[in-house]
Structures are given as C-alpha cells and as structure tokens.
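Overview (structure and organization)
As a plain string of letters, each chain reads:
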Amino acid sequence: MDSNEVFLQIPMLPNMELAATETAHRVAEFMQFDPDKIDEIKIAMIEGIINAFEHSQSKDKTVYIKFLMRGDELEVTIQDFGHGFDLDSAKKEPEQLRKRGHGLNLMEGLMDRVDIYATPNGTKVIMVKRRHSSDE
Amino acid sequence: MADVFKVTTRMEGKYAILYTEGYINNLAGDKIVEEFNQLVAKDVKHYVLNLQKTQLVNSIGISILIEVIEKVQEIGGTLAFCHLTPIIAKTFKIMGLTQYSKVYDTEEDALKN
C-alpha cells in the first residue's frame with residue numbers, strides 16, 4: 001500500500017454510499033480541489049456505488065473503494081465481486097437497464113475519465129478527477 | 001448516516017411549492033411521488049420544487065422526478081425547479097431533466113414565470 005492511498009469498504013446497506021462521499025470529501029479537500037469539483041466527485045461516486053448495490057448481486061455484499069492521490073489527480077476505484085454486467089446493454093434504452101445507463105452517463109459527465117472493467121467475477125470502476133482541467 | 005429526507009408543501013394561489021430537505025434517492029423520490037399524488041387528488045396542477053435544502057441526488061431519484069414531470073404534463077400542468085446547487089443543476093442537465101422542466105434561481109422567479 002502506498003502512503004497516498006485511502007481504502008474503504010462499505011456494506012451494501014441503505015445510504016452507505018454517503019459514508020463513502022464523506023471520505024471522498026475529506027480526501028479531495030486535502031488535495032485542495034475546489035468545492036464544485038468535490039461535489040462532482042461525490043455524485044459520481046454515489047452512482048458507481050449504487051450501481052454495485054443494485055446490480056452486482058455479490059455474495060459478500062460489500063463494495064471496496066480506493067482513493068489514490070496522484071499529484072494533481074484523484075483516482076477513485078469502486079469494486080465489487082458480483083457477477084459483472086454488460087456495459088453496452090446498460091447504455092441502451094430497455095426499461096430495466098435505463099436507470100443504470102443514466103448512472104453511467106452521469107459518472108462520465110462529472111469525471112475527467114471513467115473506465116469500467118466488467119467480468120463474470122465482478123466489476124471495477126476507475127474514475128479520475130483532475131484538480132485543474134486542461135482548459136483552466 | 002441517518003439522512004432523513006423530508007418534503008413539505010406550501011400552497012400559494014394555484015401553485016404547490018414542495019420543499020425538499022436531504023438526499024434525493026429512491027426512497028426520497030417515492031416520498032415526493034406520494035406528496036405529489038395527494039396534491040393531484042386535490043386537483044392541483046402547478047408545482048414548484050424548491051431544492052434549497054438538498055445537497056445530493058442520485059440518478060434513481062432523478063428518474064423518479066422525471067416520472068413526476070411526465071405525470072404533470074399528462075394532467076396539463078407545469079412543474080419548475082428552483083434553488084438548485086451548482087452540482088444538482090449540472091446533474092439535471094446531464095440527465096436531460098432540463099429538457100422537460102424549467103429551472104429558476106429563486107422561488108419568486110419560478111412563481112412569476
């Protein structure tokens with residue numbers, strides 16, 4: 001474990017995503033992100049976590065989160081050990097997947113980079129937010 | 001973690017102004033729908049949602065708000081939002097909610113327009 005990492009694991013219980021946003025707030029504040037960007041990180045994280053809550057069906061009912069403070073960037077990894085999902089289907093319109101598609105769009109709209117790795121053994125979402133955008 | 005969501009309503013003329021307090025997730029969305037259904041039963045058609053005391057939302061909560069907007073349109077009414085934080089305004093925009101409903105800075109502006 002590097003000294004610039006923060007680990008958190010949360011049970012899949014109602015509103016536990018807020019525990020993660022509180023940690024995100026402190027980490028981003030420590031990195032001197034401005035308040036609007038901190039809020040963007042928090043909402044994106046909520047989406048990543050509730051996706052895991054709603055769809056992973058993981059046996060350990062736990063979401064694993066890592067914050068990596070890397071210079072000007074905060075990298076957040078949200079991982080579950082459920083059954084994974086079909087990313088292409090999630091972005092399409094069918095009713096049962098529509099809400100999940102919204103969550104993915106939100107994460108992509110609020111973060112600078114979002115990578116999703118879905119396998120039959122779980123899903124890992126890696127999101128990056130830069131303290132200074134390239135157009136600033 | 002006990003983020004208890006509250007929604008209260010004040011009538012002003014033909015408008016019902018709904019004040020939310022707390023995180024808008026699926027459970028909060030259901031509470032808003034419940035309040036809204038009671039108002040529709042009283043033949044109220046025009047709504048303003050004041051989100052001044054809401055700091056966080058999620059996509060499921062917003063999906064429920066979109067369903068409320070669709071119901072308001074079905075009854076020939078209007079629904080506007082006011083007092084959105086910058087992140088909630090941005091979230092609404094990304095999710096396309098602003099295509100269906102107007103957003104105002106203040107409650108007064110929402111009622112005037």
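Located above this text is the structure these notes cover.
These remarks concern the structure in this document. Note that the coordinates shown come from a computational prediction; the quantities given were computed from them, not determined experimentally.

A short note on the interface of chain A and chain B
Taken residue by residue, the interface counts 24 residues in chain A and 17 residues in chain B. Both sides together, the interface formed by chain A and chain B hides about 1900 Å², and carbon and sulfur atoms give 68% of it. Linking chain A with chain B are one salt bridge. Our count for the contact surface shared by chain A and chain B stands at four residue pairs in polar contact (both at pLDDT 80 or more). Mapped by element, the contributors of at least two residues to the side of chain A that touches chain B are helix 1 (17-30), helix 2 (35-55) and helix 4 (95-110) of chain A. For the side of chain A that touches chain B, the element with the most residues is helix 2 of chain A, which contributes nine residues. Classifying every residue of the side of chain A that touches chain B by side-chain character gives eight nonpolar, six polar and 10 charged.

Here we look at helix 1 of chain A
Residue and element names in this part refer to chain A. Between its first and last C-alpha atoms helix 1 spans 20 Å; for 14 residues at 1.5 Å apiece the expected length is 20 Å, and the two agree. Those residues of helix 1 that fall on the buried side of the exposure criterion are Glu17, Leu18, Ala20, Thr21, Ala24, Val27 and Ala28. Looking at the buried side of helix 1, the elements it contacts are strand 1 (5-11), helix 2, strand 2 (62-70) and strand 3 (73-80). Directly after helix 1, the chain includes Gln32, whose backbone phi takes a positive value near 65°.

Here's the deal with the packing of helix 1 of chain A against helix 2 of chain A
Residues and elements named next belong to chain A. Orientation of helix 1 relative to helix 2, taken along the N-to-C sense of each, is 150°, at an axis distance of 9 Å. Relative to helix 2, the element helix 1 is oriented roughly antiparallel. As helix 1 packs across helix 2, the resulting crossing turns out to be right-handed. Residues Glu17, Leu18, Ala20, Thr21, Ala24, His25, Ala28 and Glu29 of helix 1 form the contact with helix 2, whose participating residues are Ile38, Ile41, Lys42, Met45, Ile46, Ile49, Ile50 and Phe53.

A closer look at unusual backbone geometry
Residue and element names in this part refer to chain B. One non-glycine residue with positive phi stands out, namely Asp43, at about 70°. Mapped onto the fold, Asp43 is located in the loop between helix 1 (26-41) and strand 3 (46-53). Its identity as a non-glycine residue notwithstanding, His83 has a phi of 55°, on the positive side. If you trace the backbone, His83 turns up in the loop between strand 4 (78-82) and helix 3 (86-94). Look at His83 and you get partly exposed, because its relative accessible area is 24%.

As for helix 3 of chain B
All names here are of chain B. Buried within helix 3 are the following residues: Ile87, Ile88, Thr91 and Phe92. Buried residues of helix 3 fall within an arc of 135° about the axis and therefore sit on the same side. The exposed residues of helix 3 that point more than 90 degrees off its buried face are Pro86 and Lys93. With its phi angle positive at about 80°, Gly96 sits one or two positions after the end of helix 3.

What to know about the packing of helix 2 of chain A against helix 3 of chain B
In the contact formed by helix 2 of chain A and helix 3 of chain B, the axes pass within 9 Å of each other and the chain directions differ by 50°. Overall, the two elements helix 2 of chain A and helix 3 of chain B adopt an arrangement that is oblique. You can see that helix 2 of chain A and helix 3 of chain B cross each other, and the crossing is right-handed. Residues A:Asp36, A:Asp39, A:Glu40 and A:Ile43 of helix 2 of chain A lie in contact with helix 3 of chain B, whose contacting residues are B:Pro86, B:Ile87, B:Lys90 and B:Thr91. Here the residues of the contact of helix 2 of chain A with helix 3 of chain B are counted per class, giving three nonpolar, one polar and four charged.

Some words on the pattern of salt bridges
Residues and elements named next belong to chain A. Summed over all chains, the structure comprises 13 salt bridges over all chains. For Asp112, the salt bridge is made with Arg130, and the minimal N-O distance between the two is 4.0 Å. With Asp112 in the loop between helix 4 and strand 4 (113-119) and Arg130 in strand 5 (residues 122-130), this residue pair connects regions lying 18 residues apart in the sequence. Residue Asp112 is classed as partly exposed on the basis of its relative accessible area of 30%. Taking the relative accessible area as the measure of exposure, Arg130 reaches 27% and is therefore partly exposed. Taken together, the salt bridges that share partners define one network made up of Arg70, Glu73, Glu75, Asp112 and Arg130.

Scoring rules and cut-offs
- Residues numbered from 1 in each chain as written.
- Chains lettered and ligands numbered in written order.
- Predicted model: local features only at pLDDT ≥ 70, side-chain atom pairs only at ≥ 80, totals over all residues.
- Heavy atoms only, no water.
- Contact = heavy atoms within 4.5 Å.
- Buried area = accessible area lost by both parts, 1.4 Å probe.
- Salt bridge = Lys/Arg side-chain N within 4 Å of Asp/Glu carboxyl O.
- Polar contact = N/O pair within 3.5 Å; in protein donor to acceptor, adjacent residues only side chain to side chain.
- Helix = DSSP H or I, 4+ residues; strand = E, 2+ residues; numbered from the N terminus.
- Nonpolar A, V, L, I, M, F, W, Y, C, P; charged D, E, K, R; others polar.
- Expected span 1.5 Å × (residues − 1).
- Buried < 20%, exposed > 50% of the residue type's maximum accessible area, 1.4 Å probe, protein only.
- Axes fitted to C-alpha atoms, helices over the stretch in contact; angles between N-to-C directions.
- Parallel < 35°, antiparallel > 145°, perpendicular 65-115°, else oblique.
- Left-handed = near helix turned anticlockwise from the far one by under 90°.
- Arc of directions from axis to C-beta.

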